[in-house]
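# Coordinate inspection notes
One letter stands for each residue in the lines below.
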Amino acid sequence: MKLDTIRSFTNRKIAIAVMTVMGVSGTEHAYSQQEAPAIEELVVVGSQIRGARITGALPVSVVGADQITATGAISGDDLFRSIPEAGDITFNGTYLGGGNSNAARGDVSTVSLRGLAQGNTLLLLNGRRSVVHPTAQTDNETPVFGYNVNALPVMGLERVEILKDGAAALYGSDAVAGVVNNVLRSDFTGAEMDVQYGSAAGKEWTANMVWGSDFAQGRGNMFVYAGTSKKDAILASDESYMATLDRRDQVVGTSFEGSVVFDQRGTGSAWGGFQSTPFMQVRSNGVAVTDVAGNFIVQPSGIPGCTYALNSGTCYGSGTVTTNPRREMRQDSRRIEGLAILPDTERNNVFSFINYELTEQLSFFGEVGYYAAETNALSTPPTSLASTPITIPANNYWNPFGPVGSPNRLPGLNIPDAGLPLTIRSYVFTDFGPRLVNVKNDQYRLLGGLRGDIGTWGWESAVLYNEANVRDSQEHASSTLTQQALAKSTPDAYNPFSGGDAVWWSNPQPPTANSADVARSFLIQAVRENNTKLTLWDLKLSQGELLMLPGGPVGMAGGIEFRREQYLDDRDHRQDTTTTYRDMVTGITYGSDLMGHSPSLDVKGSRNVSSAFIEFAIPVISPLQGIPLVQAIDVQLAGRYEDYNDVGSVAKPKVALAWDVVDGLRLRSSWSQGFKAPNLDVLNQQVLERLIGRRDNVRCEADLRAGRISNFSQCTASYGVPSQRAGNPNLKPEESESFSYGLVFDPQFLPAQFGSVTFTVDRWEIEQSGIVGVMDDQTAINLDYLQRLSGGSNPNVVRAMPTPADDLAYQGTGLTPVGEVLYVNAAFTNLLPLLVSGIDVGVVYEKDFDRIGNLNLNLNATKLTDFYQDADEVRTTLLKARQDGVINPGVPVTGATDLIGQNGNPEWKWTLSATWSLASWQVGFMTQYIDSVVQNAVLDANLNPWLVDSLQTYNLYGQYAFDGLFGGGKTTVKLGARNLTDRDPPLAQGGYLGNIHQPVGRYVYAGVRHAF
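Below or above, wherever it landed, is the structure these notes cover.

### What about the overall build of the chain?
Across its full length, the chain carries 10 helices and 51 strands. The principal-axis extent of the C-alpha atoms belonging to the chain is close to 105 × 65 × 55 Å. Taken over 1012 residues, the chain has a buried fraction of 58%. Counting only carbon and sulfur atoms, one obtains 56% of the accessible surface of the chain, whose full area is about 37200 Å². Where the 77 positive side-chain charges of the chain centre and where its 104 negative ones centre are 2 Å apart.

Right, here's the structure in full:
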């Protein structure tokens, strides 16, 4: 029995197909090794009509509970990463990136079919929506939301249905790329317990229990699932490719050998950069200590550039850290002991389901779900940023330009007797130490509903409340308290002039550094709390035999839905402008008192959505009519209307066709339009400021012309640039159009002794328009570079006035001197179209070898054939200027043209699995392949991008089931390994690409499961 064929109209039973035992990814047309129990009028994702045979026209993959168990998956992240159709995973809990609370972190992972941006895949639980994860994540510099699959109770799942087709006409917003419906167990009697222990870089264990029982003489059934798991952190020191930010030794022998692009150590470190106020060149006994703008750095004595020796190991040098080429002074934060890539995690899930037959025509059903997770990890020390500078008062005890009589004032200074204040331009408070980050997630789900029959109509109505919360707490530094520690004129003042040493991570507190009490005197706890709520009421009607046609009965479904979505982003009071930082020296007030964080206002938004849908399943021709080469034709017609109180209304259609040519050969096709509503963050955000490292190509051009570098790949003019982004209440929903066609071949002519084989191939295409986003900052800065070459500028790139040091740097280059970029203005808007297309291929083979067991082979592959982003006017202008030689060819223009094989878009992804079963034994094997990609913004001297190699991994498990343990029931013992050959993810500029690869080596696990 196949999922896509319903041979009996009376029973309307659907067989659930097997995907794959180890990899989860499979094809909907495989014969299942163990068919699911017959379920009358089962509704499968893709149709709202109970028992509709039109589901065979849709590319739906299904994986059952046995296959989920066989993966050894602990979390939803483990489960969904092996699906070839899934794209990059932007939300992956990684703690890298400076420990920034602006990102979604903690126990979070999402799923995004077809590689489209987060929010284009709709996640359902038992056929109804789930609440989105409360913390937005920046994707292409735009806040997006995703559904946290780690909140799913993996062992409690009966099956996962994956509709790889646009389905907005049936399910509404977010179903652009497809739908993932997670169906939890119900109507279960008995009890099962499962314990699993595994180890890779750290230990991981889980324990689960399910219990179900009938009550009220069989009129009711209750199911309860409870599970807990705990996983150790994966540390940067555990993996060689993450243990350092300087990976130049890992690219020896390639065209990138000697290039600095694989040295990502930050310019900021314990070797601080400072500037006098007012700007002036400071001299000691006639010798210049600073440059003409008053800039100087603290540096080791063993490297050139010293202007004044402090002691045998430390000196002052003129200039800034951003222009200083000496890489010995750069910070390697990965050397911090205990720094986590992924945090240690504790997760708990509880879910219960109840069915109760009130009368023969009326039943009650309900769900209660709870998920809670807590993660802990160490992050990097705080950093002072130029965008929110801290001024060191003149009377600081350690100030080398302090007042006359100060014990640390340099001799013979050409400054006032009262001394000079100093502005911190770059400094990392390494003696503050690493910071503890604690993130708590929870979700609540409550649902109650009624279903029944009125005549020949089936109906169902339910009320759902789903809430998610995140509390992100991190040790942090207050700029106000930091300046107070710097304002002391006594030896207990904080001393930022002691430097570090060449390997500061191995000696984080040199003899001249600050005591722990002084260094932690500005410690505070920064807390960010996020909340999303979903309240929903719906009413659905379904009729399997609305009217009779020659081809069979017409099915119909329709319904209405009202939902309310709410979002709250409550920033720490030191970041949302409630508690500001006022510089006691300059008198300037800054909106954020969190050191190193730009101000972020609280965001609060809500919307009401009303919708209605209708669907028809029309059997045009049936097998009973006996038409040659037209065994059956089925058509699906559907449409949905949604009205938003904030972005207007939208209506979208869907058409699907299935043509059974002969027994065993089906052709199918579908066309639909979709939409995705702008999220509540981009609609309600006032001003969002983010600091992102950018390269100033105007300065790169000056360095090239002055001979300081020989090509753009050597340019070191990169620094943090604040981006000021504004919400836009006038945004419109993103539009999309999907088209697919394919075939299912299940040769019936094969003799039974050869087994059974099913082959599927589907060609699909999705085009999106009006995608919500912003022009990325680097593109804006590149446009400023182009326009300044001809005497103009980009008004959205706001620069400081050039300093005397800037004047010197540009002298003789033919370029007008410019200052550093202060910030970039950008507003969210609807952008140009994106086209994504590909081919899905599935092959399933099953053979019963009688006495030597059953064999099941499953191949599932996806090939991207198009991933094309239309170039906007700015990028088109930059591409032409680069082609014409107006701007340097080393300036990358990203986010446009063909994006296949770039970053998170591998051309090929496939899995192959094999399962062998004999009596109580079962052995499974899986291999997964992810194609190579290039990092198109990482270029060598010849402008070739870095190639991130392909990756192939192997999984293996074996299990044995026996009776009699624990006084009865059946016990299953399982041993297995994921990534059997211990393959590291291929090297990328950031160590590895976390959106498509995992930083986990060989994972060996053992489990025991007992069914009572």
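Let's pick the thread back up.
### Here we look at the sheet that holds strand β7 (residues 178-184)
Strand order in the open sheet made by the five strands is β1-β6-β7-β2-β3, with mixed pairing throughout. For this open sheet the edge positions go to β1 (60-64) and β3 (128-129), each flanked by a neighbour on one side alone. As paired strands, strand β2 (residues 121-125) and β3 are joined by two bridges and run antiparallel to one another. Note that in β3 the partner of Leu124 across the bridge is Arg129.

### Concerning the pairing of strand β47 (residues 933-939)
Summarising burial for β47: five of the seven residues are buried, a large majority. Across four bridges, β47 lies against strand β48 (residues 945-948) in antiparallel orientation. The residue bridging Val933 from the neighbouring strand is Val948, located in β48. Linking two consecutive strands that pair antiparallel, namely β47 and β48, is a turn of five residues; a positive phi of about 70 degrees is found at Leu943 within it.

### Considering the environment of Leu956
Of note, Leu956 is situated in strand β49 (residues 951-963). Distance from Leu956 to Gln250, taken between C-alpha atoms, is 30 Å for residues 706 residues apart in sequence. With residues near it in sequence (within four places) discarded, Leu956 still touches Val923, Gly924, Phe925, Leu975, Gly976, Ala977 and Leu980.

### Thoughts on the pattern of salt bridges
This structure, assessed with the given rule, holds 42 salt bridges. Residue Asp246 is joined to Arg248 by a salt bridge in which the shortest nitrogen-to-oxygen separation is 2.8 Å. The class for Arg248 is partly exposed, based on a relative accessible area of 27%. Asp263 is the salt-bridge partner of Arg265, the closest N and O atoms lying 2.9 Å from each other. Summarising the burial analysis for this pair, Arg265 and Asp263 share the class buried. If you follow the salt bridges from partner to partner, you end up with Glu561, Arg563, Glu565, Arg607, Arg640, Glu642 and Asp646 in one network.

### Some thoughts on the state of the cysteines
Per the stated rule, a full pass over the model turns up two disulfides. The disulfide partner of Cys306 is Cys315, and the S-S distance across this bridge is 1.9 Å. Classification of the bridge connecting Cys306 and Cys315 rests on its S-S torsion, roughly -65 degrees, and on that basis the disulfide is left-handed. Disulfide pairing is shown between Cys700 and Cys715; the S-S distance is 2.0 Å. Disulfide Cys700 to Cys715: torsion about the S-S bond roughly -80 degrees, handedness left-handed. Of this pair, Cys700 sits in helix α7 (residues 697-705) while Cys715 sits in the loop between α7 and β35 (718-726), placing them 15 residues apart in sequence. Assigning the bonded cysteines of the chain consecutive numbers by sequence position, one obtains the connectivity 1-2, 3-4.

### As for empty space enclosed by the protein
Going through the model one piece at a time under the given rule, you end up with 17 cavities of 30 Å³ or more. Estimates place the volume of the second largest cavity at around 380 Å³. If you go around the second largest cavity, you meet 25 residues; those closest to its centre are Val132, Asp174, Glu565, Arg607 and Asn679. Counting only elements with at least two residues in the lining of the second largest cavity, the list comes to β26 (523-549) and β27 (552-570). Considering every element that reaches the lining of the second largest cavity, the biggest residue donor is β27, with four residues. Class assignment for the residues of the lining of the second largest cavity results in 11 nonpolar, seven polar and seven charged.

### Comments concerning a nonpolar patch on the surface
Nonpolar side chains collect at one region of the surface, where Trp916, Trp921, Val923, Phe925, Leu956, Tyr960 and Leu980 lie side by side and expose about 580 Å² of accessible area between them. Of all the elements in the fold, those that place two or more residues in the nonpolar patch are β46 (921-930) and β49. A total of three residues in the nonpolar patch trace back to one element, the largest contributor, which is β46.

### Comments concerning the environment of Gly146
Structurally, Gly146 can be placed in the loop between β5 (142-144) and β6 (157-163). Sequence separation between Gly146 and Trp671 is 525 residues, and the spatial gap between their C-alpha atoms is 25 Å. Dropping the residues within four chain positions of it, Gly146 is found in contact with Phe91, Thr110, Gln118, Val132 and His133.

### Focus: the packing of aromatic side chains
Evaluation of the coordinates by the stated rule reveals 30 aromatic pairs. Judged by centre distance (5.8 Å) and plane angle (5 degrees), the rings of Phe215 and Tyr356 are stacked. Placement of Phe215 in strand β9 (residues 203-215) and of Tyr356 in strand β19 (residues 344-359) is noted, with a sequence separation of 141 residues between them. Judged by relative accessible area, which is 30%, Phe215 ranks as partly exposed.

### A few points about unusual backbone geometry
Look at the link from Thr277 to Pro278: it is a cis peptide, with omega at 5 degrees. Looking at where Pro278 falls in the secondary structure, it is placed in the loop between β12 (273-276) and β13 (283-284). A positive phi angle, near 60 degrees, is found at Leu629, a position not held by glycine. Its place among the elements puts Leu629 in the loop between β30 (603-621) and β31 (632-644). Unusually for a residue other than glycine, Asp982 sits at a positive phi of about 60 degrees. Exposure remark for Asp982: the relative accessible area of 36% places this residue in the partly exposed category.

### Describing helix α8 (residues 777-788)
Taking 1.5 Å per residue, 12 residues should reach 16 Å; α8 reaches 16 Å between its end C-alpha atoms and fits that length. By the criterion of burial, α8 is predominantly enclosed, with 10 of the 12 residues buried. Of all the positions in α8, only Asp777, Gln778, Thr779, Ala780, Ile781, Asn782, Leu783, Asp784, Tyr785 and Leu786 are classed as buried.

### Let's talk about a negative patch on the surface
Together, Glu737, Glu765, Glu767 and Asp870 give the surface a local cluster of negative charge. Tracing the backbone shows Glu765 in strand β37 (residues 756-769). Residue classification places Glu765 among the partly exposed residues on the basis of a relative accessible area of 31%.

### Details of the nonpolar core
Counting residues in each nonpolar core, the largest one holds 61 residues, and the members touching the most others are Phe80, Val160, Tyr171, Val179 and Val180. One finds Ile390, Phe497, Tyr590 and Met595 within the second-largest nonpolar core, a separate group that totals 34 residues.

### Quick word on the pairing of strand β36 (residues 734-745)
In regular strands, side chains alternate between the two faces of the sheet. Judged by which residues are buried, β36 turns out to be one-sided: Glu734, Ser736, Ser738, Ser740, Gly742 and Val744 face inward and are buried, whereas Glu735, Glu737, Phe739, Tyr741, Leu743 and Phe745, on the alternate face, are not. Where strand β33 (residues 665-676) meets β36, 12 bridges bridge the pair, whose relative direction is antiparallel. Each bridged residue has a counterpart across the sheet, and for Phe675 the counterpart in β36 is Glu735. For β36 and β37, the ladder comprises 11 bridges, and the chain directions are antiparallel. Residue pairing in the sheet places Phe739 in a bridge with Glu765 of β37.

Thresholds, definitions, all that
- Residues numbered from 1 in each chain as written.
- Predicted model: local features only at pLDDT ≥ 70, side-chain atom pairs only at ≥ 80, totals over all residues.
- Heavy atoms only, no water.
- Helix = DSSP H or I, 4+ residues; strand = E, 2+ residues; numbered from the N terminus.
- Buried < 20%, exposed > 50% of the residue type's maximum accessible area, 1.4 Å probe, protein only.
- Areas by Shrake-Rupley, 256 points an atom, 1.4 Å probe, with all protein chains shown as cover.
- Lys, Arg positive; Asp, Glu negative; His and termini not counted.
- Charge placed at Lys NZ, Arg CZ, Asp CG, Glu CD.
- Pairing = 2+ DSSP bridges.
- Contact = heavy atoms within 4.5 Å.
- Salt bridge = Lys/Arg side-chain N within 4 Å of Asp/Glu carboxyl O.
- Disulfide = S-S within 2.5 Å.
- 1 Å grid on protein atoms, 1.4 Å probe; cavity = no way out; pocket = protein on both sides within 12 Å on 5 of 7 lines; lining within 4 Å.
- Points joined across faces, edges and corners; volume = space filled by probe spheres on them.
- Nonpolar A, V, L, I, M, F, W, Y, C, P; charged D, E, K, R; others polar.
- Patch = residues over 30% accessible without salt bridge, like charges linked within 9 Å, V, L, I, M, F, W, Y side chains within 5 Å.
- Phe/Tyr/Trp six-rings, centres within 6.5 Å; stacked < 30°, edge-to-face > 60°.
- Expected span 1.5 Å × (residues − 1).
- Core = buried A, V, L, I, M, F, W, Y, C linked by side-chain atoms within 4.5 Å.

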